[in-house]
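Now for the letters of each chain:
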Amino acid sequence: WREKFAVDVINGASSNELRLGRKKLATQFLRVGYESDGSWRTFGLRKDFHPAVKVQAEDDITASVTVSRASLGAEAPENPPLASLKFVQNCENRLFQRPDDAIVRGYDHQTELEFAHGGNFYSNYEPLPRSRARELREEAIGFHQFTRPMQHLIETVDSGQGPEYFVCTAFPRLVEGKPSKNPRYLQMRPDLADPRASRLAELSQRLARRIPPGRPLHVPVRSVLAGRRNNPAEEKVPSLACYGPIHYMELPELFMEFISSMTGKSPSTTGAGSEGALTKGPFNALLPVYDLNAALVGYIVSGYPCFLTSAGCLGPQVRVDHDISLLVPEVWCRMWEHERDPAWLIASGLLEPLKDFAHGGRSVLASRLGYRITQTFVNRFFGRIFNHPHSVLTDAMLRPELQDPDEFADAVDTVVATHRRVASQYFEDGSIAHACPPLQVLLHCMRDGHFEGKPESDPSIRALFTREQVLSSDWYAARLAARQKGDIRLWQRHAAYLEKFVQMPNYASECDRLQLRNRLSHARVMLDRVKRAEHRSSLLGTLGAEPTLVG
């Protein structure tokens, strides 16, 4: 293959532009964060790099189910090789997007294309009059920095064929004389707007897995890559700049992170603190502890590892916004299945544990941050994207304590203090009594630093979060019994409703049209099935149900 590539000879010496035959191979660049003066940190991509085709199908509201691999039989996918698998389905037609970089003309091609279409919903964007379109067109250099769809929108408005007011990606709403940092719009789900991409993705998987059209294609969750926002210390906002680009956390530390729902300063919030699940109280009449129980059981029975990716900053001195979060999927799709295994990554020196240490006369519980990637990880996996991977993430970005040891220690203290504050709420409202045993122990460790004198690092406590111990526990058996009880009630209700309906003489033709008698027969079969002991056995490896809610 080397015979296909060459460089020109200029003034008797080889030049630096690589060519395929006589065709110049252009270099692509990718931004990964900012320098201290605000300029971009750009890096050359490999000549053979081609961006992954990503089909975003969910955002905030997702329905999910966890099933045992055995229940899928021959339809079970080979990967991931987990005992239980999670499947998700989006519940939204539109995604609530904040296109931060779209303010730069021509940078965000997708957002400019969608803004140029009609039927959009905007928040915190300035309504521009028709006269502003004329001014934008006359500003020739700035106008041609936009992509063609946005140029066409401006030309249409200026010609009088469009509406009297329009919205442009480069002009968020002015708040106290400054552009808002929280511009939003509702994006039509890409898989609905472009069904061809979704269809190709499905067809590709069928071909790769040799699944014919008549059989179901089960596509479970393959990787869990949660995001978190960090921030340096500000006047009224404590530092949360202790996280590196990618962290792996085992279940005790991971659920401390999830329970606290901790976030750094965000343009969409008034300050740092806890958000996410803990701000959804008005939309959920149940106690948050029930959701935590189900989530924890799901992670334990399935065994999905979770990797946290950072946004905002890496340490107090390096701003990255969402660049790392957008880069991680490109890295992950180029990793083999065994390379995503935390045990393999740790054994290979690609993840290093953070350890507690003493600083300024106090103990800093850095172990709460789990494991973080090393330069070896960057060289191996970022090298599949960048020409010079070692320069993309510096040692100071991978190890934020090198930037400012004092602020790093303060940020870890912020993490621990948030854990303690949020956990205390479950004791104050009495919902600790409804937490499953591993969750109860974890809440004690978050609030008190220990459970019965044992920290979360004690082997006996960590054993509570293993699949074997959970499946053999009485409290998990109670969840399965509650699930079976709920299933019996469900099919009893279905059968009773159908029996009542088919007995109504005025609806005989409708019963025939809807084949309700066949449905009634099916309901009776299912009722008989869920009453059997085999049904409870088939539930092993699922979430079960909350006993106190089923009754």
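Heads up: these notes are all about the structure in this document. What you see is a predicted model, and the numbers here were worked out from it, not measured in a lab. Here, residues in each chain are numbered from 1, in the same order as that chain's written sequence. Local features in this predicted model are restricted to residues of pLDDT 70 or higher, and side-chain atom pairs are both shown and tallied only at a pLDDT of 80 or more, whereas totals for entire chains, interfaces and linings draw on every residue. With hydrogens and water excluded, all non-hydrogen atoms of the structure serve as input to the side-chain values.

**Describing the overall build of the protein**
For clarity, the threshold we go by: Secondary structure elements are defined from DSSP: runs of H or I of at least 4 residues count as helices, runs of E of at least 2 residues count as strands, and each element is numbered from the N terminus. Throughout, exposure labels follow a simple rule: accessible area from a 1.4 Å probe, protein chains only, divided by the maximum for the residue type, with under 20% read as buried, over 50% as exposed, and the rest as partly exposed. Values of accessible area rely on a 1.4 Å probe in the Shrake-Rupley scheme; residue burial ignores everything except the protein chains shown. The charge count treats Lys and Arg as positive and Asp and Glu as negative. His and the chain ends do not count. By convention, charge coordinates are those of NZ in Lys, CZ in Arg, CG in Asp, or CD in Glu.
A count of helical and extended segments in the protein gives 22 helices and 24 strands. On the principal axes, the C-alpha backbone points of the protein span a range of 85 × 75 × 60 Å. Counting every position in the protein, which comprises 551 residues, the buried fraction comes to 42%. Accessible area of the protein: about 29600 Å², with a carbon and sulfur share of 54%. Averaged over its 68 positive side-chain charges, the protein has a centre that lies 6 Å from the centre of its 65 negative ones.

**Topic: the sheet that holds strand E8 (residues 94–97)**
Pairing between the strands of a sheet comes from backbone hydrogen bonds, and it takes one of two forms, parallel or antiparallel. Quick note on the threshold: For two strands to count as paired, DSSP must find a minimum of two bridges between them.
Spatially, 3 strands are ordered E8-E14-E9 in an open sheet, and the strand pairing comes out antiparallel. Two strands in the sheet have a free side with no partner beyond their single neighbour: E8 and strand E9 (122–123). Relative to strand E14 (residues 184–188), E8 runs antiparallel, the two being bridged by 4 bridges. Bridged to Arg-94 within E14 is Met-188.

**Examining the packing of aromatic side chains**
The description of an aromatic ring pair rests on the distance of the ring centres and on the angle between the ring planes. Heads up, the condition is: Between 30 and 60 degrees the pair is tilted, below 30 it is stacked and above 60 it is edge-to-face, where a pair is any two Phe, Tyr or Trp rings, Trp via its six-membered ring, whose centres lie within 6.5 Å.
Tallied over the entire structure, the rule returns 19 aromatic pairs. An angle of 65 degrees between the planes, with centres 4.8 Å apart, marks the rings of Phe-377 and Phe-381 as edge-to-face. Placement of the pair is Phe-377 and Phe-381 together in helix H12 (residues 375–381), with a separation of 4 residues, close to one helical turn. On the accessibility criterion, Phe-377 (0% relative accessible area) is buried.

**Some details on unusual backbone geometry**
Put simply, Asn-79 and Pro-80 share a cis peptide bond, and its omega is 0 degrees. In this structure, Pro-80 sits in the loop between helix H1 (69–72) and strand E7 (84–90). In the Ramachandran plot, Glu-452 falls in the positive-phi region, its phi being about 55 degrees despite a non-glycine side chain. The class for Glu-452 is exposed, based on a relative accessible area of 68%.

**Concerning the pattern of salt bridges**
Keep this limit in mind: Salt-bridge detection follows one rule: a side-chain nitrogen of Lys or Arg within 4 Å of a carboxyl oxygen of Asp or Glu.
On inspection of all chains with the given rule, the structure shows 37 salt bridges. Across the salt bridge formed by Arg-462 and Glu-250, the nearest N and O atoms sit 2.7 Å from each other. Of this pair, Arg-462 sits in helix H16 (residues 459–462) while Glu-250 sits in the loop between strand E16 (246–249) and helix H8 (251–260); the two residues are 212 residues apart in sequence, bridging distant segments of the chain. For Glu-250, a relative accessible area of 28% translates into the label partly exposed. Residue Arg-368 pairs with Glu-456 through a salt bridge whose shortest N-O separation is 2.9 Å. With a gap of 88 residues between them, Arg-368 in the loop between strand E23 (362–364) and strand E24 (371–373) and Glu-456 in the loop between helix H15 (437–448) and H16 connect regions that are remote in the sequence. Here Arg-368 matches Glu-456 in class, with each residue buried. Members of the salt-bridge network, linked through shared partners, are Glu-352, Arg-372, Arg-399 and Glu-401.

**Things to note about the sheet that holds strand E3 (residues 23–24)**
If you walk across this open sheet you meet the 3 strands as E1-E2-E3, and the pairing is antiparallel. The sheet is open, and its two borders are formed by strand E1 (5–10) and E3, each paired with just one other strand. In this sheet, E3 lies alongside strand E2 (residues 13–20) in antiparallel orientation, the contact comprising 2 bridges. Bridging across to E3, Arg-19 finds its partner in Lys-24.

**Comments concerning a nonpolar patch on the surface**
Rules: For patches, a residue must show more than 30% relative accessible area and have no salt bridge; joins then use 9 Å for like charges and 5 Å for nonpolar side chains, namely Val, Leu, Ile, Met, Phe, Trp and Tyr.
On the surface, a nonpolar cluster with roughly 330 Å² of combined accessible area is contributed by Trp-40, Ile-103, Val-104 and Tyr-107. Along the chain, the position of Val-104 falls in the loop between E8 and helix H2 (109–115). Among the residues examined, Val-104 registers a relative accessible area of 36% and is labelled partly exposed.

**Let's talk about the nonpolar core**
The following threshold applies: Definition used in this section: a nonpolar core is a set of buried Ala, Val, Leu, Ile, Met, Phe, Trp, Tyr and Cys residues joined via side-chain atoms within 4.5 Å. Between two residues, a contact is recorded if the distance between any of their heavy atoms is within 4.5 Å.
Cys-242, Tyr-243, Ile-259, Leu-369, Leu-439 and Leu-443 are the most contacted members of the largest nonpolar core, which totals 59 residues. At the level of elements, E7, strand E15 (224–229), H8, helix H9 (288–302), strand E19 (306–313), helix H14 (405–428), H15 and helix H18 (474–502) are the ones that each hand at least two residues to this core. With 10 residues, H14 is the largest single contributor of residues to this core. When neighbours within four sequence positions are excluded, Leu-443 is seen to be in contact with Ile-259, Ala-423, Tyr-426, Phe-427, Ile-432 and Ala-435.

**What to know about the environment of Leu-217**
Among the structural elements, Leu-217 can be located in the loop between helix H7 (195–209) and E15. Remark: the alpha-carbon pair of Leu-217 and Cys-168, spanning 49 residues in sequence, is separated by 41 Å. Aside from chain neighbours lying at most four places away, what touches Leu-217 is Glu-202, Gln-205, Arg-206, Arg-209 and Ile-211.

**A word on the packing of H8 against H15**
Note the cut-off: Convention adopted: a line fitted to C-alpha atoms gives each axis, helices being fitted over their contacting stretch, and angles between N-to-C directions are expressed from 0 to 180 degrees. By the definition adopted for this analysis, an angle is roughly parallel if under 35 degrees, roughly antiparallel if over 145, roughly perpendicular if from 65 to 115, and oblique otherwise. Any residue outside Ala, Val, Leu, Ile, Met, Phe, Trp, Tyr, Cys, Pro, Asp, Glu, Lys and Arg is labelled polar, Gly included; the first ten of those are nonpolar and the last four are charged.
Running from N to C, H8 and H15 cross one another at 75 degrees; their axes reach a closest spacing of 10 Å. The angle between H8 and H15 falls in the class roughly perpendicular. When H8 is examined against H15, the residues Pro-252, Phe-255, Met-256 and Ile-259 are found in contact with a partner set consisting of Leu-439, Leu-442, Leu-443, Cys-445 and Met-446. When its residues are assigned to classes, the contact of H8 with H15 shows 9 nonpolar, no polar and no charged.

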